[in-house]
Structure formats: C-alpha cells, structure tokens
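For reference, the chains in residue letters:
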Amino acid sequence: VSSHCDKIEAKGGLQLLQRIYQLRKDSAKIQRNIIRIIGNMALDERLHSSIVRAGWVSVLAEVMKSPHVIQSSHASRALANLDRDTVKEKYPDGVYVLHPQYRSSQPIRADILFVHGLLGAAFKTWRQQDIDRHLDKKASEGEEDYSQCWPKTWLASDCPALRIISVEYDTHLSDWKAKCPVEAHRKSIAYRSNELLDKLRAAGIGDRPLVWVSHSMGGLLVKKMLVDASKNPEMDKIVNNTRGIIFYSVPHHGSQLAEYSINARYLLFPSVEVKELSKDSPALKKLNDDFLSFAKDKKFSVLSFAETLPTHIGSMIKLHVVPLESAKLGIGDLIPVDVNHLNVCKPKKKDAFLYQRTLKFIQDVLAQEL
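Residues numbered from 1 in each chain as written. Predicted model: local features only at pLDDT ≥ 70, side-chain atom pairs only at ≥ 80, totals over all residues. Heavy atoms only, no water.

A. Representation of the overall build of the chain. From N to C terminus, the chain includes 18 helices and nine strands. A buried classification covers 52% of the 370 residues belonging to the chain. For the chain, the share of sequence-separated contacts (at least 6 apart) that also reach a separation of at least 24 residues comes to 76%. Entry remark: accessible area of the chain is about 17400 Å², with carbon and sulfur atoms responsible for 52%. (Helix = DSSP H or I, 4+ residues; strand = E, 2+ residues; numbered from the N terminus. Buried < 20%, exposed > 50% of the residue type's maximum accessible area, 1.4 Å probe, protein only. Contact = heavy atoms within 4.5 Å. Areas by Shrake-Rupley, 256 points an atom, 1.4 Å probe, with all protein chains shown as cover.)

B. Just the nonpolar core, in detail. Ranked by size, the top nonpolar core spans 43 residues in total, and within it Trp212, Leu226, Phe291 and Phe300 carry the most contacts. Examining the composition of this core, we find that eight residues originate from one element, helix α12 (residues 217-230), more than from any other. Beyond its immediate stretch of four places on either side in the chain, Leu226 contacts Trp212, Ile238, Val239, Thr242, Ile245, Phe291, Phe294 and Phe300. Membership of the second largest hydrophobic core comes to 35 residues, among which are Val69, Ile112, Phe114 and Leu162. (Core = buried A, V, L, I, M, F, W, Y, C linked by side-chain atoms within 4.5 Å.)

C. Structural view of the sheet that holds strand β3 (residues 162-167). Reading across the sheet, the seven strands line up as β1-β3-β2-β4-β5-β6-β9 and stay open at both edges, with mixed pairing between neighbours. The sheet is open, and its two borders are formed by β1 (95-99) and β9 (333-337), each paired with just one other strand. Sheet twist, expressed as the mean angle between neighbouring strand axes with direction ignored, is 20 degrees. Taken together, the five bridges between strand β2 (residues 110-115) and strand β4 (residues 210-215) define a ladder with parallel strand orientation. Following the sheet pairing, Phe114 is matched in β4 by Val213. (Pairing = 2+ DSSP bridges. Axes fitted to C-alpha atoms, helices over the stretch in contact; angles between N-to-C directions.)

D. Up close: the packing of aromatic side chains. Applying the stated criterion to the full structure yields 11 aromatic pairs. On the numbers, 6.3 Å between centres and 55 degrees between planes, the contact of Trp126 with Tyr248 is tilted. Separated by 122 residues along the polypeptide, Trp126 in the loop between β2 and α7 (133-140) and Tyr248 in strand β5 (residues 242-248) bring together distant segments of the chain. Classification of Trp126 by relative accessible area gives buried; the value is 0%. (Phe/Tyr/Trp six-rings, centres within 6.5 Å; stacked < 30°, edge-to-face > 60°.)

E. Spatial organisation of the side chain of Ser72. With respect to the helices and strands, the residue Ser72 is situated in helix α6 (residues 69-82). Ser72 gets classed as buried once you look at its relative accessible area, which sits at 2%. With residues near it in sequence (within four places) discarded, Ser72 still touches Val63, Met64, Ser66, Gln101 and Lys152.

F. Spatial organisation of the environment of Val63. Looking at the element boundaries, Val63 is found in helix α5 (residues 56-63). With a relative accessible area of 9%, Val63 lands in the buried category. When near neighbours in sequence (up to four residues on either side) are disregarded, Val63 contacts Tyr21, Ile35, Gln71, Ser72 and Ala75.

G. Highlighting helix α11 (residues 189-202). Between its first and last C-alpha, α11 extends 20 Å over 14 residues, near the 20 Å set by a 1.5 Å rise per residue. Of all the positions in α11, only Ile189, Arg192, Ser193, Leu196, Leu197 and Leu200 are classed as buried. Take α11 and look down its axis: the buried residues cluster within an arc of 130 degrees, on one side only. Directly after α11, the chain includes Gly204, whose backbone phi takes a positive value near 85 degrees. (Expected span 1.5 Å × (residues − 1). Arc of directions from axis to C-beta.)

Take a look at the structure:
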C-alpha cells in the first residue's frame, strides 16, 4: 500500500526496521519479513534514496550470499527493485527471480515461470524430493547434488540464458474468512488470475518467449490467466509469447479430494478452493473448454505428468488426489509417473526421469531461442 510506505519512510521506519533486523538475528523468519517489506517499498522509486541512506544495500548484498534460497531470493528481489540502471522490470510482492540473481552480461533469451498449487509456495513446492533433517544437514555442508529449489540450481545451470521466476500467493484461508464473501472471492481462481496477471506484466512476463510450469491447482490458475489474457489487449503479449506449458498432476476435470468429508479436505486444501475442484463444477468445465478452444489454435506445446501413487493424508486417508483421467487435458503428451501428488513436481535427483523429461521439453520448445 503506497500510503503505508510513505508513512513508514516519513516516520523513520526504515531505520527502525534496520534496528530490528540487527537485533533479531535469531529469527530468519523475522529478518525475511523485514526484507520483504523493503522489497515492497523499493517498488516506489521515490523511496530509493531513503532506503540507500538507511544502509539497506549492504545488508541485502550480504543476504544474497545466503545458502538458503528463500533468504537470498527475498534479498535479490529487493535489490532488483532498487536497480533502475540495468533492470527495467519491477517485481511485486510474491514474484521472485530465481535466476539470474546477479547482474550478468549473459543475454536472457526466454522466461520460465513456476506456479505452485494449494498450500504450496514459491520455493518449497520445487524442492528436491526426500528432504529431511539429515539431507538438510548435508546440504548446509555443501553436498553438490542436493537442491532446496531445483529450478534455481539445476535448471539455471543447464539453461543459463533463461530468466527463471517463481510466484507465491496465499492459499491459506481460516474458518472465519471462509464465511466472508469478500475473503472467499479473493481466494477464487478468477480473482487470483487478475491479480497475478498485473504483477507478471510489471515483471516483464510476455516480453520474451515463455514456458509455464505448474503444479496441482496452479495449473488451473495458469489456464485461467491465459484465457483472461487472451481477452485483454493489454495482456496479449503473454499469450502470443507463450511457447509451452508443463502441468504436474493438474486436476483439469476435478479432484477426488472434493468428494471427501469437510474434515478430510481441510487436511490438504481450504474449503473455498476445494469447491472449485468438484468434478461437477460448471466453472471447471467452462475453464477447460475455453482454454482448449484457443490453446489448439495457438498450437501451445503441452506436457502433462500424472501421479500413479496415492497420497497419505494423516494416518486414516490414502487417495489419488488427481486421478489419471483428470490429469488428461486433451492436448499434448501425458506421462504417468510413479510418485504421489506432493512429489510429482519434486525430482529425486538431477538425472531422474522427472527432471530430465522436464528439461528436454523446455529445451525443445525454446530451441530457437536457446
């Protein structure tokens, strides 16, 4: 909120945040949220000199060196928003550049955009599979084949000419908010589509050839954004520059989760989104029909992965969140993979089929650019 940023700056808030940041070195979460605030304030060029005077540039540069992808990506976003000399794009709240995070003479040929699903996040959704404390310890000791975020490490090294972006949006909805019509609307796919499209255009999405990568309900959001963009002349660059889409277990025709009791649903997804995932949802069918009608005309390249193993929800429930028939879009290739819903977008290793097939698709689709 612009007026909030002005008040923070006017009342010495930048210095206060700096003080809190230095005092709370024991809390990565507090420090990360403060850097997020600085990144948001840096969207306003009028505040840049105040941010610099408050000493934030050196702090952000130091955080950029962090081995933790969440910390470094928040700092990278803030610095990119402060850099008006070489960066023309602006990165609104929730839009993170995973690569390149430093100034580079390497020209960027295309964009890869990652969109997570419900209860996912810009980083954790795309981590390497089988993460536990033992692996985390090895990662901190520098084990080369471990990745907290495979698009940032593996994909960036295999395709350095790409700009890799991951988006984050809030998918948690408390009980009281679920009963509020305004809050419920803000969690709908339609609302999120409009909100994210504006953010993505600010970040320059659509100015280069583009490949979308999505998991679960994130794939429905991708379809909705493309449908909406196709109807808006100001967003048509996003559609015209889309070269391909990857769907990881996307419930194009609904999810079995919507058939379970309210208590069972809450273990994975909040109620508002689950209603949109019902197999008899008219909105879901219309979205798919609208998308297919123009996707075929645009000749998008499409690759879909489908889970074949059930997902354990607590100790009582085991189900295929997205059955094979629901993962079938109707265009492109569909590949069943022996993983559950949560791991379908998390390759075990860099040489695993899941990653290598994803990489091949991106390279083939962008062969001319790369």
